[in-house]
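# Survey of secondary and tertiary structure
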Amino acid sequence: MTMLYPGDGLVVPPGGGRTVKTAAQEVTFKVTGAHSRVASTFEVVVPPGFDVGAHTHTRGEELFYVIEGELEVLAFEPVVRTRDDWRSWESASGLRPVRATAGTLILVPPGCPHAFANPTGKPARMLFQSAPPPDHERYFEELLELMDAHGGPDPAAVEELRARYDIQQLTPLRHTALPAPGTGAGR
């Protein structure tokens, strides 16, 4: 952990930061609570087939910026919160989940339902910021441990972890490996 002197900045070079990797996600810690009182910042690789599930936070604010690839994203209160899948949700004003490409920014205030999923056959990369720190740092460490468990994550353990870190899960977290491009059925 690098401690900064008052007034010093932080430069994280490409590839810099501590990376935690599993089959479900790869998270690189770029800015932690040791560096910022405002927010933790991560670079996240979202593999094909990963769906974080719709969820809310009562205290936290989040920002997502798609660097590469495509994600389906949601950031609104739906008219009806169905328990199985957020992709059919619609807001009272007509908002629906959208396909976010490189350059898309998503800002999520406290209490706003949000989700992201990678429905494509290629990994996506995003910059993710969570305020206040260090809750999401600890959450990611523990979640990635659970996701790497033999036989997949225990849903009860994931639910307990999320509740402990102010995450109210609305639809299930899922990770279904999708076939790589050009390797689909019938080939």
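This report concerns the structure included in the present document. (Residues numbered from 1 in each chain as written. Predicted model: local features only at pLDDT ≥ 70, side-chain atom pairs only at ≥ 80, totals over all residues. Heavy atoms only, no water.)

### Considerations on the overall build of the chain
As a reminder of what qualifies: In this description a helix means any DSSP run of H or I spanning at least four residues, a strand means any run of E spanning at least two, and both kinds are numbered starting from the N terminus. Computation of the radius of gyration draws on C-alpha atoms, with the globule rule given as 2.2 Å multiplied by the number of residues to the power 0.38. Burial classification: accessible surface area is computed with a 1.4 Å probe over protein chains only, and a residue below 20% of its type maximum counts as buried, one above 50% as exposed, and the rest as partly exposed. By the convention used here, residues are in contact when the closest approach between their heavy atoms is within 4.5 Å. Each accessible area is a Shrake-Rupley result for a 1.4 Å probe, and residues are judged covered by the shown protein chains and nothing else. The positive count covers Lys and Arg only, the negative count covers Asp and Glu only, and His and the chain ends enter neither. For charged residues, the charge sits on one atom: NZ in Lys, CZ in Arg, CG in Asp, CD in Glu.
Helix and strand counts for the chain stand at 2 helices and 13 strands. Against the globule reference of 16 Å for 187 residues, the chain gives a C-alpha radius of gyration of 17 Å, in line with a compact fold. Dimensions along the principal axes, computed over C-alpha positions, put the chain at roughly 55 × 45 × 35 Å. Every one of the 187 residues in the chain was classed for burial, and the buried ones make up 41%. Contacts in the chain between residues at least 24 apart in sequence constitute 75% of all its contacts with a sequence separation of at least 6. Summed over its atoms, the accessible surface of the chain is roughly 10,100 Å², and 55% of this surface lies on carbon and sulfur atoms. Between the averaged position of the 17 positive side-chain charges in the chain and that of its 23 negative side-chain charges there is a distance of 4 Å.

### Topic: the nonpolar core
Going by this rule: We call a set of buried Ala, Val, Leu, Ile, Met, Phe, Trp, Tyr and Cys residues a nonpolar core when their side-chain atoms join them within 4.5 Å.
Judged by nonpolar contacts, the single largest core of 39 residues is most densely connected at Val44, Phe50 and Phe116. Here the element with the most residues in this core is helix α1 (residues 135-147); it accounts for 5 residues. When sequence neighbours within four positions are dropped, the list of residues in contact with Phe50 reads Ala24, Gln25, Phe116, Ala117, Asn118, Met147, Leu173, Arg174 and His175.

### Quick word on the packing of aromatic side chains
To keep things clear, this is the line we draw: Each pair of aromatic rings taken from Phe, Tyr and Trp, with Trp reduced to its six-membered ring, is defined by centres within 6.5 Å and is described as stacked if the planes are under 30 degrees apart, edge-to-face if over 60, and tilted in the remaining cases.
Summed over all chains, the structure comprises 9 aromatic pairs. Look at Phe29 and Phe42: their rings are 5.2 Å apart centre to centre, the planes differ by 80 degrees, and that puts the pair in the edge-to-face class. Of this pair, Phe29 sits in strand β2 (residues 26-31) while Phe42 sits in strand β3 (residues 40-46); the two residues are 13 residues apart in sequence, bridging distant segments of the chain. Classification of Phe42 by relative accessible area gives buried; the value is 0%. Centre to centre, the rings of Phe64 and Phe128 are 4.8 Å apart; their planes meet at 15 degrees, and the pair counts as stacked.

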